[in-house]
Amino acid sequence: MARMKFLVDAERCIECNGCVTACKNENEVPWGVNRRRVVTVNDGVVGAEKSISVACMHCSDAPCMAVCPVDCFYRTEDGVVLHDKDLCIGCGYCFYACPFGAPQFPQAGAFGLRGKMDKCTFCAGGPEKDRSESEFKKYGRNRLAEGKLPACAEMCSTKALLGGDGDVVADIYRERVVRRGKGSEVWGWGTAYGPGKAGGQPPAKGA
Amino acid sequence: MEKPTRRLSRRNFIRSLGAGGAAAAAALVANRPGKDSTTENAAARNSRGYRESAHVRNYYRTAKV
């Protein structure tokens, strides 16, 4: 069974925000909610500036799922983390738990009253009937059911944002790292594998 | 006058050949397996999630560039 994953290649991202626009347009995301955004670090520093596209990473061990008091999150067979807006009470716990800032809350009224949480669905809709009007209204387009991948990944002009079967995406990225001949700069690599273990390092001369 | 029974039987034989051929052709068309696109559309209707469709394979191909 395929497990859906996003992977951001910071070496390729040109901060065009095409992914952000594609997501907003495809899912008709309401004003004030950004399911995806581009973050730039070391802005203006020559040679050190990197941009990454951030949204829900559909964690294998999702903290949002762990803290939700009404248990509105669920994981599909494809590993996509989704939630049921009919159960969500808009408490905001998931927002505090998420390391990526993925959960978004539309303003539902005066005094900062929050509406039901909204986040990236990996273009996989929600618990409603596939490709139904109610599903689109609450969760956006269900591209996975149409045999497609998330609009953001498909729209990315430099293919910096990869999305799809985790095994395939990892293979594509591995090929890139080997071709570049230097360590991978994938975001979170050091946390996951420790420093000094970047893939694709050419062997030392004389070794 | 002698009845042309042989001629008639030959006609019947040729007619039966034609009818049999048409029936065989119809059976072949009916039993032919569906095209790939038809199969894919049927899978699309039944599937709820990810599948490696031609569209997805094309995306993976472009991402390898």
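Not measured: the values here are computed from a predicted model. Each chain has its residues counted from 1, running along the sequence as written. Following the order in which they are written, the chains are lettered starting with A and the ligands numbered starting with 1. Under the rules for a predicted model, residues below a pLDDT of 70 receive no local features and side-chain atom pairs below 80 are neither given nor counted, while totals for whole chains, interfaces and linings still include all residues.

Undergrad: Outline the overall build of chain B, listing residues and values.
TA: The helix and strand inventory of chain B stands at three helices and zero strands. Secondary structure follows DSSP: runs of H or I at least 4 residues long count as helices, runs of E at least 2 residues long count as strands, and numbering of each begins at the N terminus. Across chain B, helices and strands are ordered from the amino to the carboxyl terminus as α-α-α. The burial tally for chain B puts 6% of its 65 residues in the buried class. Exposure classes come from backbone-placed C-beta atoms, where a residue is buried if 20 or more other C-beta atoms lie within 10 Å of its own, exposed if 12 or fewer do, and partly exposed in between.

Undergrad: Please provide a residue-by-residue account of the interface of chain A and chain B, values included.
TA: It is common to give the size of an interface as the accessible area that goes away when the parts come together. Placing C-beta atoms from the backbone, we regard two residues as in contact once those atoms come within 7 Å. Taken residue by residue, the interface counts 20 residues in chain A and 14 residues in chain B. Listed by contribution, the elements that provide at least two residues to the side of chain A that touches chain B are β6 (161-165) and α6 (166-180) of chain A. When its residues are assigned to classes, the side of chain A that touches chain B shows nine nonpolar, three polar and eight charged. Put simply, Ala, Val, Leu, Ile, Met, Phe, Trp, Tyr, Cys and Pro go in the nonpolar bin, Asp, Glu, Lys and Arg in the charged bin, and everything else, Gly too, in the polar bin.

Undergrad: Please provide a residue-by-residue account of the nonpolar core, values included.
TA: We define a nonpolar core as a collection of buried residues of the types Ala, Val, Leu, Ile, Met, Phe, Trp, Tyr and Cys that are connected via C-beta atoms lying within 7 Å of each other. Formed by 45 residues in total, the largest nonpolar core has its most connected members in F6, C19, F122, C152, A153 and L161 of chain A. Taken together, the elements giving at least two residues each to this core come down to β1 (4-8), α1 (18-27), β3 (50-54), β5 (81-83), α5 (151-155) and β6 of chain A together with α3 (54-63) of chain B. At four residues, α1 of chain A tops the list of elements feeding residues into this core. Here C152 of chain A is in contact with C19, A22, C23, R36 and L161 of chain A, once residues within four sequence places are set aside.

Undergrad: An account of unusual backbone geometry is requested, with residue identities and associated values reported.
TA: Only a minority of non-glycine residues have a phi that is not negative, and only a minority of peptide bonds are not trans. A positive phi angle, near 55 degrees, is found at N42 of chain A, a position not held by glycine. Judged by C-beta crowding, with 11 C-beta atoms within 10 Å, N42 of chain A ranks as exposed.

Undergrad: Describe α3 of chain B, and please don't skip the residues or the numbers.
TA: Since one α-helical turn is 3.6 residues long, residues separated by three or four positions face the same way. Inspection of α3 of chain B places V56, Y59 and A63 of chain B among the buried residues, and these make up the whole buried set. Looking down the long axis of α3 of chain B, one finds its buried residues gathered within 55 degrees of arc, a one-sided arrangement. Of the residues in α3 of chain B, the exposed ones pointing more than 90 degrees away from the buried face are A54, R57, N58, R61 and T62 of chain B. Buried residues along α3 of chain B sit against α5, β6 and α6 of chain A. This arc corresponds to the set of directions leading from the helix axis out to the C-beta atoms.

Undergrad: With reference to specific residues and values, describe the pairing of β1 of chain A.
TA: Regular strands place their side chains on alternate faces of the sheet. Residue and element names in this part refer to chain A. Judged by how many residues are buried, β1 sits mostly within the fold: four of five residues are covered. Any two strands with at least two DSSP-identified bridges between them are counted as paired. Here five bridges tie β1 to β6, and the two strands are oriented antiparallel to one another. Looking across to β6, one finds that L7 is bridged to L162.

The values are spatial; any link to function lies outside them.
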